[in-house]
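Remarks on the overall topology
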Amino acid sequence: QVQLVESGGGLVQAGGSLRLSCAASGSFFSINAMGWYRQSPGEQRELVAHITGAGSTNYADSVKGRFTISRDNAKNTVYLQMSSLKPEDTAVYYCHSYIFVTPLNNARDYWGKGTLVTVSS
């Protein structure tokens, strides 16, 4: 069973920083793209940042210049460094990844259970 487990959420004051981590575990062949999404109460889940297997990144306009996504392929882990946090960044942050379970099958998408980030004003 493949699992994505997030960590690093919490309460932080506006202007502060947090780093989220997401580790993939279980039996699989390789990891393709990885990303972070977030969802606030009453809102739809939105893409925050995305990183391909080759390391190309893209960000939501609302976080450009403040958030940085990176990955450590040896650890099957993706990170989200969040700086200059704003109250509107408050949300549950979800890790997402496309993973090849075997080399013969198409990549499947997996989601973590989410980690809460609360930014106080």
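These notes cover the structure that comes with them. (Residues numbered from 1 in each chain as written. Predicted model: local features only at pLDDT ≥ 70, side-chain atom pairs only at ≥ 80, totals over all residues. Heavy atoms only, no water.)

What to know about the overall build of the protein
How we decide: Put simply, DSSP H or I for four residues or longer makes a helix, DSSP E for two residues or longer makes a strand, and each gets a number counted from the N terminus. Here the accessible surface of atoms and residues is derived via Shrake-Rupley with a 1.4 Å probe, and residues count as covered only by protein chains that are part of the display. Only four residue types enter the tally: Lys and Arg on the positive side, Asp and Glu on the negative side; His and the chain ends are excluded. Charge positions are represented by NZ for Lys, CZ for Arg, CG for Asp and CD for Glu.
Of the regular secondary structure elements, the protein holds zero helices and eleven strands. From first element to last, N terminus to C terminus, the protein shows the α and β order β-β-β-β-β-β-β-β-β-β-β. For the protein, the spread of C-alpha atoms along the principal axes amounts to about 50 × 25 × 25 Å. Total accessible area computed for the protein in this model is approximately 6600 Å², and 47% of it derives from carbon and sulfur atoms. A gap of 6 Å separates the mean positions of the 10 positive and 8 negative side-chain charges of the protein.

Concerning the nonpolar core
Applied cut-off: In this description, a nonpolar core means a group of buried Ala, Val, Leu, Ile, Met, Phe, Trp, Tyr and Cys residues linked to one another through side-chain atoms lying within 4.5 Å. Any residue under 20% of the maximum accessible area for its type is buried, any over 50% is exposed, and the rest in between are partly exposed; the area is computed with a 1.4 Å probe on protein chains only. By definition, residues are in contact when any of their heavy atoms lie within 4.5 Å.
Judged by nonpolar contacts, the single largest core of 30 residues is most densely connected at Trp-36, Leu-80, Met-82 and Tyr-93. Secondary-structure elements contributing two or more residues to this core are strand 3 (18-25), strand 4 (30-39), strand 5 (46-51), strand 7 (67-72), strand 8 (77-82), strand 9 (91-100) and strand 11 (115-120). Excluding its chain neighbours within four sequence positions, the residues that come into contact with Leu-80 are Leu-18, Arg-19, Leu-20, Trp-36, Val-48, Ala-49, Phe-67, Thr-68, Ile-69 and Tyr-93.

What to know about the environment of Val-92
Inspection of the secondary structure assignment puts Val-92 in strand 9. A residue is classified by how much of its surface remains accessible, and Val-92, at 24% relative accessible area, is partly exposed. When the C-alpha positions of Val-92 and Arg-38 are compared, they lie 5.4 Å apart, and in sequence the two are 54 residues distant. Residues within four places of Val-92 in sequence aside, it is in contact with Tyr-37, Arg-38, Gln-39, Gly-114, Thr-115 and Leu-116.

Description of the pairing of strand 5
For the record, the criterion: What makes two strands pair is DSSP finding at least two bridges between them.
Alignment of strand 4 against strand 5, held across five bridges, turns out to be antiparallel. Of the residues in strand 5, the one forming a bridge with Gly-35 is His-50. Examined bridge by bridge, strand 5 and strand 6 (residues 57-59) share three bridges and lie antiparallel to one another. Its bridge partner lying in strand 6, Ala-49 is registered against Tyr-59. Hairpin connection from strand 5 to strand 6: five residues lie between these consecutive antiparallel strands, with Gly-55 at a positive phi of about 100 degrees.

What to know about the state of the cysteines
Defined simply, a disulfide is a covalent bond joining two cysteines at their sulfur atoms. The criterion, for reference: The term disulfide is used for any two cysteine sulfur atoms that are within 2.5 Å.
Considering all chains together, one arrives at one disulfide under this definition. Two residues share a disulfide in this structure: Cys-22 and Cys-95, whose sulfurs sit 2.1 Å from each other. Given an S-S torsion of about -80 degrees, the disulfide between Cys-22 and Cys-95 has left-handed geometry. With Cys-22 in strand 3 and Cys-95 in strand 9, this residue pair connects regions lying 73 residues apart in the sequence. By the burial criterion, Cys-22 is buried, and Cys-95 matches it.

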